[in-house]
Amino acid sequence: MAIAVGIKNALGSSSMIRKMFEEGTLLKKQYGADKVFDFSIGNPDVEPPPAFHEIFLKLAQEDRKGSHGYMPNAGYPEVREALAKKASREQQVHIDGSHIVMAVGAAGGLNSVFKTVCDPGSEIIVSRPYFMEYRAYAANHGAQLVEVDTLPDFNLDIAAIGRALSEKTAAVLINSPNNPTGKIYPAETIAALADLLRAHGNKTGRLPYLVSDEPYREIAYNIEVPPILSVYSESIIVNSYSKSLSLPGERIGYIAVGPDMHDRDDVMNGLIYATRVLGFVNAPALMQRIVAELTDARVDVAIYAGRRDAFTAILDKAGIEYAPPEGTFYLFCKVPPRRANGAANAPAGDDLAFVEHLKKFLILGVPGAGFGKSGWLRFAYCVDEGIIRASAEAFSKAAESW
Ligand SMILES: Cc1ncc(COP(=O)(O)O)c(C=O)c1O
């Protein structure tokens, strides 16, 4: 017997982020960890806030019977109530626990959503550049992504989304603050998108869902992340604590559904069923109880802001253009025009070649091709500020010799 063809193909085109991560591990072994400027992976290094450890210890010491047992697949009712209050504030609506399903991170949440709203052959519209795992998540449920470009400032191109809508469109998927660009879509853009989807619904009799993937909602630099649920009735929010509390290994997140959604009961029942039969069964019990007590906590975003400023100063000096990040901990940079005479033959704007070139200076980033946007590359600045500052000379040398 052999493994499934689809999996074999997927393994052949494995994630560029993972590839860079593995190369980084090798380079660190060879040169020492402090000599390698590894900006490849979005694994937050800022520790969870102290309140997390306090509540963790408190709950671990409690002698509460049944606290490790099965529970309703949607999660503990009191946790769903607590998160509904948080989501109500953020999304400027009134929802209660019956609108929340606890999820195994945003990745688990997105899979539950796609399983619930997609039929085989359904289309999900997504704007480039985007988090590449979306492609596999859609394929898990027989759906496919339809990619459209964003505007030059990486805001959504509403007209392009309009052209991509079809009778097969199950959902439009957005991610703000965005990985990899750091863009936060403004309220007017969300309003225009909602108008577009309503007009499409009036014409076809089918309102697409708007799925908003928001794990970076709380990593924003003095810019409001506008609400979605209050703007469009068929919205589904997917959020997690992987970035806002630096808990990616704990796999905890949630899904929130709009209060005025048509077929809301069906959607909720579908999400709960999907969470069960995808094998998640329920989100991790202890983490549910912890995040319910931390609805006002988040990591210190000022740390990321300081790193962003240090990093952008280095890029400015090296003459590398970037999209100014409004949130997240990513810098999306334009491959600079070639400067050096007789440099390798790859054309200007070749992100794969530029990433290879940077590697010679022990700088690791991810090619934009890994996000559906060639000619660009992503650096993750969830690394110590000392490493960022120490990379200045390497960046200047790399840019000069490109
Ligand atoms: C845009 C985006 N969505 C979803 C995820 C998955 O997050 P989680 O760890 O909550 O599953 C990530 C992780 O990096 C991400 O960048």
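Right above here is the structure, for reference.
Residues numbered from 1 in each chain as written. Predicted model: local features only at pLDDT ≥ 70, side-chain atom pairs only at ≥ 80, totals over all residues. Heavy atoms only, no water.

(A) Main features of the site of the ligand. Near the ligand, the surroundings consist of 14 residues, among which D213, Y216, S240, S242 and R251 are the closest. At 2.6 Å from a nitrogen atom of the ligand is found a side-chain nitrogen or oxygen belonging to D213. Within the side chain of Y216, one N or O atom sits 2.7 Å away from an oxygen atom of the ligand. Considering the ligand on its own, with 400 Å² of exposed area, one finds that the protein chains cover 92% of that surface. When residues in the shell around the ligand are grouped by element, the largest group, 3 residues, is from helix α5 (residues 105-117). (Near = heavy atom within 4 Å. Polar contact = N/O pair within 3.5 Å; in protein donor to acceptor, adjacent residues only side chain to side chain. Areas by Shrake-Rupley, 256 points an atom, 1.4 Å probe, with all protein chains shown as cover. Helix = DSSP H or I, 4+ residues; strand = E, 2+ residues; numbered from the N terminus.)

(B) Looking closely at the layout of surface pockets. By volume, the second largest pocket is sized at about 370 Å³. As for the second largest pocket, its lining consists of 17 residues, of which E90, R217, E218, E224 and R298 are closest to the centre. Counted by class, the lining of the second largest pocket contains 6 nonpolar, 3 polar and 8 charged residues. (1 Å grid on protein atoms, 1.4 Å probe; cavity = no way out; pocket = protein on both sides within 12 Å on 5 of 7 lines; lining within 4 Å. Points joined across faces, edges and corners; volume = space filled by probe spheres on them. Nonpolar A, V, L, I, M, F, W, Y, C, P; charged D, E, K, R; others polar.)

(C) Structural context of the environment of I255. Structurally, the position occupied by I255 is in strand β8 (residues 253-257). Along the sequence, I255 and L207 sit 48 residues apart, while their C-alpha atoms lie 19 Å from each other. If we ignore the near neighbours within four places in the chain, the residues touching I255 are H99, I100, V101, A103, G109, S112, V113, I236, I237 and L271. (Contact = heavy atoms within 4.5 Å.)

(D) Quick look at a nonpolar patch on the surface. Together, I3, I7 and L11 line one region of the surface with nonpolar side chains, adding up to about 300 Å² of accessible area. The residue I3 is located in the segment before α1 (5-12) in this model. Residue I3 is classed as partly exposed on the basis of its relative accessible area, which comes to 48%. (Patch = residues over 30% accessible without salt bridge, like charges linked within 9 Å, V, L, I, M, F, W, Y side chains within 5 Å. Salt bridge = Lys/Arg side-chain N within 4 Å of Asp/Glu carboxyl O. Buried < 20%, exposed > 50% of the residue type's maximum accessible area, 1.4 Å probe, protein only.)

(E) Inspection of the nonpolar core at higher detail. With 50 residues, the main nonpolar core has F39, Y304, F311, F379 and F395 as its most contacted residues. Among the secondary structure elements, those contributing two or more residues to this core are α2 (16-31), α11 (301-318), β10 (330-334), α12 (351-359), β11 (363-364), β13 (376-380) and α14 (392-400). Here this core takes 8 residues from α11, the largest share from any one element. Beyond its immediate chain neighbours, meaning those up to four positions away, F311 contacts F39, L331, F379, Y381, I388 and F395. If you look at the next biggest cluster of nonpolar residues, it comprises 48 residues, including V93, L193, L210 and A292. (Core = buried A, V, L, I, M, F, W, Y, C linked by side-chain atoms within 4.5 Å.)

(F) Representation of the sheet that holds β10. Strand order in the open sheet made by the 4 strands is β9-β10-β13-β12, with antiparallel pairing throughout. Of all the strands in the sheet, the pair left with one neighbour each is β9 (322-323) and β12 (366-367). On the sheet, α11 packs against β9, β10 and β13 and is oriented at approximately 10 degrees with respect to β10. (Pairing = 2+ DSSP bridges. Axes fitted to C-alpha atoms, helices over the stretch in contact; angles between N-to-C directions.)

(G) Here's a closer look at unusual backbone geometry. A cis geometry characterises the amide bond from S176 onward to P177, with omega recorded as -5 degrees. Among the structural elements, P177 can be located in the loop between β5 (169-175) and α8 (187-204). Between N179 and the following residue, P180, the backbone shows a cis peptide bond with an omega angle of 25 degrees. Among the structural elements, P180 can be located in the loop between β5 and α8. Positive phi is not limited to glycine here, since R251 has a value of about 55 degrees. Inspection of the secondary structure puts R251 in the loop between β7 (235-240) and β8.

(H) Looking closely at the sheet that holds strand β6 (residues 209-213). The strand order β2-β8-β7-β6-β5-β3-β4 describes an open sheet built from 7 strands, whose pairing is mixed. Edge positions in the sheet fall to β2 (100-103) and β4 (144-149), since each has one partner strand and no second. If you compare each strand with its neighbour and ignore which way they point, the axes differ by 25 degrees on average. Of the pairings in the sheet, the one linking β2 to β8 comprises 4 bridges and is antiparallel in character. Of the residues in β8, the one forming a bridge with V101 is I255. Across the sheet, α8 is in contact with β5 and β6; its angle to β5 comes to roughly 175 degrees.

(I) Spatial organisation of the state of the cysteines. This model, assessed by the stated rule, comprises 0 disulfides. No disulfide involves C333; its sulfur sits 14 Å from the nearest other cysteine sulfur, which is in C382. Exposure remark for C333: the relative accessible area of 0% places this residue in the buried category. (Disulfide = S-S within 2.5 Å.)

(J) Looking closely at the packing of aromatic side chains. In total, this model carries 20 aromatic pairs according to the counting rule given. When the ring of Y216 is compared with that of F329, the centres are 5.7 Å apart and the planes differ by 80 degrees; the resulting orientation is edge-to-face. Separated by 113 residues along the polypeptide, Y216 in the loop between β6 and β7 and F329 in the loop between β9 and β10 bring together distant segments of the chain. Of the two residues, Y216 and F329, neither departs from the other in class, the shared state being buried. Ring geometry for F379 and F395: centres 5.3 Å apart, planes at 90 degrees, overall edge-to-face. Taken as a pair, F379 in strand β13 and F395 in helix α14 lie far apart in primary sequence, 16 residues in all. Judged by relative accessible area, F379 falls into the buried class, the value being 1%. Through pairs of rings, three or more aromatic residues link up here, namely F39, F311, F379, Y381 and F395. (Phe/Tyr/Trp six-rings, centres within 6.5 Å; stacked < 30°, edge-to-face > 60°.)

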